[in-house]
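Structure at a glance
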Amino acid sequence: MKIDGTPYRSVWVDEHDQWSVRIIDQTKLPWSVEILRLTAVRDAAHAIRSMQVRGAPLIGAVAAYGLALGLRADASTEAMERDAALLAATRPTAVNLRWALDRMLTVLRNTRQADRVRAAYAQAQQIADEDAERNEQIGLHGLPLIEQAAAARQGSGPVRVLTHCNAGWLATVDWGTAMAPIYKAHDAGIDVHVWVDETRPRNQGAALTAFELGKHGVAHTVVSDNAGGHLMQHGQVDLVIVGADRVTRTGDAANKIGTYLKALAAHDNGVPFHVALPSSTIDWTIDDGVRDIPIEERAQSEVTTMTGRAMDGSVATIRVVPTGSPAANPAFDVTPHRLITGLITERGRTQATREGLAALFPELGPTRTRPGESGAA
Ligand code: MRU
């Protein structure tokens, strides 16, 4: 996607600069677009942990490139396994991280040490390219939902989509997941307007989704996290589309904290609630998302402070909670599949059920088991 006319991906390799890995520092958005140069596995681990990159598909891709950077320093099996463990420990909820590292290790364990660096870059590039392709497909498969909503509106105004967090191109390698159908609709000339939840505490909606929608020319309005239910009660939301960090094989979806409340409000108001995800976000080993998906607990300081642009133009962090009041910061929640109208994947749309997912991905679902399971999916 483009920033001020220049096409970007959220991660890329600079072959002319020692094969370093480049990312957009998302902690600096929307105030400035700063490109970071990663040259070592610890740079990649730091970028993921500190949320310079974030979003489930993107952290998978950056972890894959991080492993390639690590192999440049030491291509031994011992170092490779150690680097993979370092990267895997950076963030716990998005399964794409583990998926990308598993895929890298499957190739690299069967590659001679002398060939590992080349093979690692090639595999990481493939992961990145596939992510971009899958997300574009999600856009095409989600487009009919917006076309149908436009037809139902009968020209009485834009299709109003509500989204939570950032599941746009910045959260993936390109296109985004939840935002891909919106970009496709906008590009097809459909009048679409996005309600952007600000998404406290890290404000991925206000800082990132609003930024990329603005750069693409998509009409949007940022709302406080608590406004969605009210908007739905008053008929101002035609559909909700969110991304996901991990979807169980039964269709439960973990996404940014607050997503579950939007699903409850959508259910109560008869508003369709869709989850967009590439297959790399499906965890085929678990059934019960509330019980089995690990939820990241992040620093209290993300709740007790806010960062923004001060009136003098400087970027400042201020405290918004009384000194001495403790804070809790669960970063994700799980929306049970019964509250999800449908899943939008690169292979099409399906119900958020075991049967729906297995039918779309027959080669993936039935083959994965947890230790002690029979294998029936
Ligand atoms: O903590 P973050 O910013 O990594 O969380 C990101 C989200 O929850 C996104 O909605 C999710 O990864 C979907 S990304 C296409």
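Conventions and cut-offs
- Residues numbered from 1 in each chain as written.
- Predicted model: local features only at pLDDT ≥ 70, side-chain atom pairs only at ≥ 80, totals over all residues.
- Heavy atoms only, no water.
- Pairing = 2+ DSSP bridges.
- Helix = DSSP H or I, 4+ residues; strand = E, 2+ residues; numbered from the N terminus.
- 1 Å grid on protein atoms, 1.4 Å probe; cavity = no way out; pocket = protein on both sides within 12 Å on 5 of 7 lines; lining within 4 Å.
- Points joined across faces, edges and corners; volume = space filled by probe spheres on them.
- Nonpolar A, V, L, I, M, F, W, Y, C, P; charged D, E, K, R; others polar.
- Domains from an automatic or database assignment.
- Contact = heavy atoms within 4.5 Å.
- Buried < 20%, exposed > 50% of the residue type's maximum accessible area, 1.4 Å probe, protein only.
- Buried area = accessible area lost by both parts, 1.4 Å probe.
- Salt bridge = Lys/Arg side-chain N within 4 Å of Asp/Glu carboxyl O.

So, on to the sheet that holds strand S13 (residues 282–283). Strands sit in the order S13-S10-S11-S16 across an open sheet of four strands; the sheet is mixed. Of all the strands in the sheet, the pair left with one neighbour each is S13 and strand S16 (332–335). When strand S11 (residues 253–256) meets S16, the two strands line up antiparallel, connected through four bridges. Residue alanine 254 lies in a different strand from S16, and its bridge partner there is valine 334.

A few words now on the layout of surface pockets. Considering only enclosed or pocket space, the largest pocket measures out at about 590 Å³ in volume. Lining the largest pocket are 27 residues, and of these Pro201, Arg202, Asn203, Ala207 and Thr307 sit closest to its centre. The dominant element in the lining of the largest pocket, judged by the number of residues it contributes, is strand S14 (residues 305–309), at five residues. Considered class by class, the residues forming the lining of the largest pocket number 12 nonpolar, nine polar and six charged. Both domains that furnish three or more residues to the lining of the largest pocket are identified here as domain 1 (2–130) and domain 2 (156–360).

Here the focus is the environment of alanine 178. Within the fold, alanine 178 resides in the loop between strand S6 (159–163) and helix H6 (179–187). Along the chain, alanine 178 and threonine 250 lie 72 residues apart, while their C-alpha atoms are 20 Å from each other. Among residues more than four places away in sequence, those in contact with alanine 178 are Thr163, Ala167, Ile241, Val242, Gly243 and Ala276.

The tally for this structure, following the rule as stated, stands at three cavities of 30 Å³ or more. In this structure, the largest cavity occupies an estimated 180 Å³ of space. Lining the largest cavity we find 23 residues, and of these Gly55, Ala56, Asn166, Asp245 and Asn255 sit closest to its centre. Taken together, the elements giving at least two residues each to the lining of the largest cavity come down to helix H2 (56–73) and S11. Looking at the lining of the largest cavity residue by residue, the classes come out as 11 nonpolar, eight polar and four charged. No fewer than three residues from each of domain 1 (2–130) and domain 2 (156–360) sit in the lining of the largest cavity. Space inside the second largest cavity adds up to approximately 60 Å³. Lining the second largest cavity, in full, are Pro57, Gly60, Ala61, Asn96, Trp99, Ala100, Ile127, Glu130, Asp131, Arg134 and Ser280. Elements represented by at least two residues in the lining of the second largest cavity include exactly H2, helix H4 (95–108) and helix H5 (116–153). In terms of residue count, the dominant contributor to the lining of the second largest cavity is H5 (four residues). A breakdown of the residues in the lining of the second largest cavity according to their chemical character gives five nonpolar, three polar and three charged.

In this section: unusual backbone geometry. The omega angle of the peptide bond from leucine 29 to proline 30 is 5°, so this bond is cis rather than trans. Here proline 30 is to be found in the loop between strand S4 (20–24) and strand S5 (35–38). Arginine 200 connects to proline 201 through a cis peptide bond whose omega is 5°. With respect to the helices and strands, proline 201 occurs in the loop between strand S7 (192–197) and helix H7 (204–216). For cysteine 165, which is not glycine, the phi dihedral falls at a positive 65°. As for its placement among the helices and strands, cysteine 165 is situated in the loop between S6 and H6. Residue classification places cysteine 165 among the buried positions, given a relative accessible area of 7%. Although it is not a glycine, tryptophan 175 sits at a positive phi angle of roughly 75°. Tryptophan 175 gets classed as buried once you look at its relative accessible area, which sits at 14%.

Attention now goes to the domain arrangement of the chain. Here the chain is partitioned into domain 1 (2–130) and domain 2 (156–360). Domain 1 and domain 2 are separated by 24 Å when their C-alpha centres are compared. Taken together, the contact pairs 32 residues of domain 1 with 35 residues of domain 2. In total, domain 1 and domain 2 occlude about 2,800 Å² of area from one another, counting both sides; carbon and sulfur atoms represent 57% of this. Its largest share of buried area at the contact with domain 2, domain 1 owes to Trp31, Arg54 and Thr93, together 24% of the area lost on that side. Run the count over domain 1 and domain 2 and you get three salt bridges. In this structure, arginine 98 and aspartate 283 form a salt bridge, with 3.5 Å as the shortest nitrogen-oxygen distance.

Before going further, it helps to examine the side chain of threonine 199. Tracing the chain through its elements places threonine 199 in the loop between S7 and H7. Once residues within four sequence positions are removed from consideration, threonine 199 is found in contact with His164, Cys165, Gln204, Gly205, Asp225 and Lys256.

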